[in-house]
Amino acid sequence: MDEKIMNQMVLINEIMRLTLLVNNVSEHTIFIEYAGHVNTLDCRVHVNGWRKDNKWTKDFHVRLNSDDCGCFMLNKIKEYINDLYMNTEIVELEQKGAECFA
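Residues numbered from 1 in each chain as written. Predicted model: local features only at pLDDT ≥ 70, side-chain atom pairs only at ≥ 80, totals over all residues. Heavy atoms only, no water.

Requested: an account of the overall build of the protein chain, with residues and values cited.
For the protein chain, the helix and strand inventory stands at 3 helices and 3 strands. Taken from N to C terminus, the helices and strands of the protein chain fall in the order α-β-β-β-α-α. The buried share of the protein chain, taken over its 102 residues, is 33%. Restricting to contacts in the protein chain with at least 6 residues of sequence separation, those with at least 24 account for 42%. (Helix = DSSP H or I, 4+ residues; strand = E, 2+ residues; numbered from the N terminus. Buried < 20%, exposed > 50% of the residue type's maximum accessible area, 1.4 Å probe, protein only. Contact = heavy atoms within 4.5 Å.)

Give a detailed account of the sheet that holds strand E2 (residues 40-46), specifying residues and quantitative values.
One open sheet accounts for 3 strands, arranged E1-E2-E3; its pairing is antiparallel. Of all strands in the sheet, those with a lone pairing partner are strand E1 (29-35) and strand E3 (58-63), marking the two edges. Neighbour-to-neighbour, the strand axes of this sheet turn through a mean angle of 10°, independent of strand direction. Examined bridge by bridge, E2 and E3 share 6 bridges and lie antiparallel to one another. Bridge pairing in E3 places Asp-42 opposite His-61. Packed onto the sheet, helix H1 (residues 3-25) meets E1 and E2 and runs at close to 150° relative to E1. (Pairing = 2+ DSSP bridges. Axes fitted to C-alpha atoms, helices over the stretch in contact; angles between N-to-C directions.)

Account for the nonpolar core, with residues named and values stated.
Ile-30, Leu-41, Cys-43, Val-62, Leu-74, Ile-77 and Ile-81 are the most contacted members of the largest nonpolar core, which has 20 residues in total. Mapped onto this core, the elements with two or more residues apiece are H1, E2, E3 and helix H2 (71-86). In this structure Val-62 touches Asn-39, Thr-40, Leu-41, Gly-70, Met-73, Leu-74 and Ile-77, once residues within four positions along its chain are discounted. (Core = buried A, V, L, I, M, F, W, Y, C linked by side-chain atoms within 4.5 Å.)

Please provide a residue-by-residue account of the environment of Asp-68, values included.
Tracing the sequence through the fold places Asp-68 in the loop between E3 and H2. Residue Asp-68 is classed as partly exposed on the basis of its relative accessible area, which comes to 30%. Each C-alpha atom, one on Asp-68 and one on Asn-7, is 9.7 Å from the other, the two residues being 61 residues apart in sequence.

Lay out H1 with the relevant residues and their values.
In a regular helix each residue adds 1.5 Å, so 23 residues correspond to 33 Å; H1 covers 33 Å between its end C-alpha atoms and thus fits that length. Among all positions in H1, only Gln-8, Leu-11, Ile-15, Leu-18, Thr-19, Leu-21, Val-22 and Val-25 are buried. Taking the backbone nitrogen of Lys-4 as reference, a side-chain oxygen 2.6 Å away marks Asp-2 as the first, capping residue of H1. (Expected span 1.5 Å × (residues − 1). Polar contact = N/O pair within 3.5 Å; in protein donor to acceptor, adjacent residues only side chain to side chain.)

Outline the pattern of salt bridges, supporting the account with residue identities and numerical values.
According to the stated counting rule, one finds 2 salt bridges in the structure shown. Between Arg-17 and Glu-14 there is a salt bridge whose closest N-O contact spans 2.6 Å. Pair noted here: Arg-17 and Glu-14 are both in helix H1, with a separation of 3 residues, about one helical turn. A residue is classified by how much of its surface remains accessible, and Arg-17, at 27% relative accessible area, is partly exposed. We classify Glu-14 as partly exposed; its relative accessible area is 21%. The partner of Glu-33 in a salt bridge is Arg-44, with the nearest N and O atoms 3.8 Å apart. Here Glu-33, found in strand E1, pairs with Arg-44, found in strand E2; they are 11 residues apart in sequence, far enough to count as distant. Judged by relative accessible area, which is 39%, Glu-33 ranks as partly exposed. (Salt bridge = Lys/Arg side-chain N within 4 Å of Asp/Glu carboxyl O.)

Here is the structure:
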């Protein structure tokens, strides 16, 4: 398998792992959507949580069939979500029994 595709898969896996952590241990809400028919990944972040009729705080759109397989943007998403996770209060993490994986 192509190295770029492998890197893409690893990054998407890491984004999903971080998304699950953030959604479960913080007030933030992240939506991830993969559209296989056009090979895109969308990430919408609601800092401080989702609320009806509120627009997202940050929006990422990645074309996974680009020259770099979307790896540049996937890295940006990973860094952004990791920062959200790392800025979650340690006390809050401990109360929810989360391990610090990032």
